[in-house]
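Each chain is listed here by its residues.
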Amino acid sequence: MKKYQIAKPYITDEERTAVLNVLNSGDLSLGPKHKEFESKFAKKIGTKYACSVSSGTAGLHLAMIVANIQPGDEVITSPFSFVASANCILYVGANPVFVDIDPVTYNMAPENIEAAITPKTKAILVVHIFGQAAEMSKISKIAKKYNLKIIEDACESVCAEHDGKKVGTFGESAVFAFYPNKQMVTGEGGMITTNDKKIYKLCSSLRNQGRSENMQWLDHERLGYNYRLDEMSAALGIVQLAKLDKMIKTRQNIANWYNKCLTPHKQLIQTPKTAKNNTHTWFVYVATLNQSKIDRDQLILELAKQGISTKPYLPSIHLFSFYKNKFNYKKGDFPVAEKVSDNAIALPFYIGLKENDIKYKS
Ligand SMILES: Cc1ncc(COP(=O)(O)O)c(C=O)c1O
């Protein structure tokens, strides 16, 4: 029986050779590769600077620090995201304030933001979910009106565009992630992009134990962390970056195959939608079920028996036990996010799937 995983990285001999070359060089950390990866990534996104880090979560933590988010501050964000986008706000002692999402793109709905702003609000942490940009034209206007910083969580949406502009270029900083299920991978790894030299320098110091720029003196100027990206991962990232456009195109084709196969069954399952001014770069393929006709748990079990992995994806952050206990959230607080969480299913999605694989059980 053929097995279908949910996600799988696309690794070829090129990546293997690049990693092996680093191993042979002996330069395993703080060598030339992370610098090369940073400059190439910044160029790709269209920002002046990029700072590599050990994960998307590490990048988000640093983005909160450099935005000077302080204990007691509030940061507006989406409940429909991976937990790290809210956790990073807690890491600096601030409070995440969730606003409900748009039922079509699953991103933060701009019309819900103003009601969530208080005198304590310092920033909006915008998550671009599943490979699609949030409605940045509207969100940027609100941020400007209330003098709020924008920090982008672009971990799932490398190269996604809104109104022809790439995510990662809207906020004072943005964070990308390269976990093995992402559009491009480094193993663990992440990147912070910015046009602000001060932010870049501060991130570079913070991710390297707070060291001063002049490493020779080995001075630690501030409280820092070990959030460095190692050279093997950076070398892998360089190769993946060079083929990113091609990989995204392939993912778009796979998504189109799914859309074509599932659209005739729209009474049972709805395909994901792309807003007309967005370019989707497809981190995952998530459809929503009409559960009066198909039970999601049952479907997941049935598909698993046939070698097809699927997942309820993704749960809303405010209903995780940690968040419920800390903030007293309950079911019904963010009904749109909850409805998507309750009905969504992620289907196998990775380079290597062919049109016939998609047709297989559709
Ligand atoms: C939206 C979002 N934010 C943050 C992260 C954290 O990235 P990492 O797993 O590299 O720490 C992820 C990773 O899956 C994510 O999807």
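Given the structure is predicted, the values throughout are model-derived calculations rather than measurements.

### Things to note about the side chain of Asp153
Next, step 1: Here Asp153 shows up in strand S5 (residues 149-153).
Next, step 2: Lys182 provides the closest opposite charge to the buried, salt-bridge-free Asp153, at an N-O distance of 8.0 Å.
Next, step 3: Of the polar contacts made by the side chain of Asp153, one reaches the backbone nitrogen of Cys155; its length is 3.0 Å.
Next, step 4: Sequence-distant contacts of Asp153, defined by excluding residues within four places in its chain, comprise Leu60, Ser85, Leu125, Val126, Val127, His128 and Val175.

### Regarding the site of the ligand
Next, step 1: Neighbouring the ligand are 13 residues; Gly56, Thr57, Asp153, Glu156 and Lys182 lie closest to it.
Next, step 2: Note that a nitrogen atom of the ligand is positioned 2.7 Å from one of the side-chain N or O atoms of Asp153.
Next, step 3: Separating an oxygen atom of the ligand from a side-chain N or O atom of Glu156 is a distance of 2.6 Å.
Next, step 4: Ranked by residues supplied to the shell around the ligand, first place goes to helix H3 (residues 56-66) with three residues.

### Let's talk about the nonpolar core
The nonpolar side chains of a soluble globular protein tend to be buried with one another.
Next, step 1: In terms of nonpolar packing, the biggest core is built from 51 residues, with Met64, Ile69, Phe80, Phe130 and Tyr313 touching the most fellow members.
Next, step 2: Only strand S1 (49-53), H3, helix H4 (84-91), strand S4 (121-127), strand S8 (173-177), helix H6 (197-206), helix H11 (335-343) and strand S14 (344-347) provide two or more residues apiece to this core.
Next, step 3: The greatest single-element share of this core, amounting to six residues, is contributed by H3.
Next, step 4: Phe80 has contacts with Ile101, Tyr106, Ile129, Phe130, Leu314, Ser316, Ala337, Val340 and Ser341, leaving out every residue within four places of it along the chain.
Next, step 5: Ala50, Ala133, Cys159 and Ile238 belong to the second largest nonpolar core, which has 24 residues in total.

### Points about the state of the cysteines
Next, step 1: What the rule picks out here adds up to zero disulfides.
Next, step 2: In this structure Cys159 is not part of a disulfide, and its nearest cysteine sulfur, from Cys155, lies 14 Å away.
Next, step 3: Given a relative accessible area of 7%, Cys159 falls into the buried group.
Next, step 4: In this model Cys203 remains outside any disulfide bridge; the closest cysteine sulfur is found in Cys51, 5.2 Å from its own.

### Side note on a nonpolar patch on the surface
Next, step 1: On the surface, Leu20, Leu23 and Leu28 cluster together into a nonpolar patch covering about 260 Å² of accessible area.
Next, step 2: With respect to the element layout, Leu23 can be found in helix H1 (residues 13-25).

### Observations regarding the packing of aromatic side chains
The geometry of two aromatic rings is summed up by the distance between their centres and the angle between their planes.
Next, step 1: For the coordinates displayed, the defined rule picks out 21 aromatic pairs.
Next, step 2: Plain terms: the ring middles of Tyr225 and Tyr227 are 5.0 Å apart, the flat faces sit at 10° to each other, and that makes the pair stacked.
Next, step 3: Residue classification places Tyr225 among the partly exposed residues on the basis of a relative accessible area of 21%.
Next, step 4: Tyr227 sits in the buried class, given a relative accessible area of 18%.
Next, step 5: Taken together, a centroid distance of 5.6 Å and an interplanar angle of 20° make the contact between Trp282 and Tyr285 stacked.

### Thoughts on the sheet that holds strand S12 (residues 285-289)
Picture the strands of a sheet paired through backbone hydrogen bonds; they go either parallel or antiparallel.
Next, step 1: The sheet built from four strands is open, its strands ordered S10-S12-S14-S13 with antiparallel pairing. Each of the sheet's edge strands pairs with one partner strand only, and the pair in question is strand S10 (269-270) and strand S13 (311-312).
Next, step 2: In this sheet, S14 lies alongside S12 in antiparallel orientation, the contact comprising four bridges. Directly across from Val286, in S14, lies its bridge partner Ala346.
Next, step 3: Packing of H11 onto the sheet brings it into contact with S12 and S14, and relative to S14 it is tilted by some 50°.

Parameters and conventions
Residues numbered from 1 in each chain as written. Predicted model: local features only at pLDDT ≥ 70, side-chain atom pairs only at ≥ 80, totals over all residues. Heavy atoms only, no water. Helix = DSSP H or I, 4+ residues; strand = E, 2+ residues; numbered from the N terminus. Buried < 20%, exposed > 50% of the residue type's maximum accessible area, 1.4 Å probe, protein only. Lys, Arg positive; Asp, Glu negative; His and termini not counted. Salt bridge = Lys/Arg side-chain N within 4 Å of Asp/Glu carboxyl O. Polar contact = N/O pair within 3.5 Å; in protein donor to acceptor, adjacent residues only side chain to side chain. Contact = heavy atoms within 4.5 Å. Near = heavy atom within 4 Å. Core = buried A, V, L, I, M, F, W, Y, C linked by side-chain atoms within 4.5 Å. Disulfide = S-S within 2.5 Å. Patch = residues over 30% accessible without salt bridge, like charges linked within 9 Å, V, L, I, M, F, W, Y side chains within 5 Å. Areas by Shrake-Rupley, 256 points an atom, 1.4 Å probe, with all protein chains shown as cover. Phe/Tyr/Trp six-rings, centres within 6.5 Å; stacked < 30°, edge-to-face > 60°. Pairing = 2+ DSSP bridges. Axes fitted to C-alpha atoms, helices over the stretch in contact; angles between N-to-C directions.

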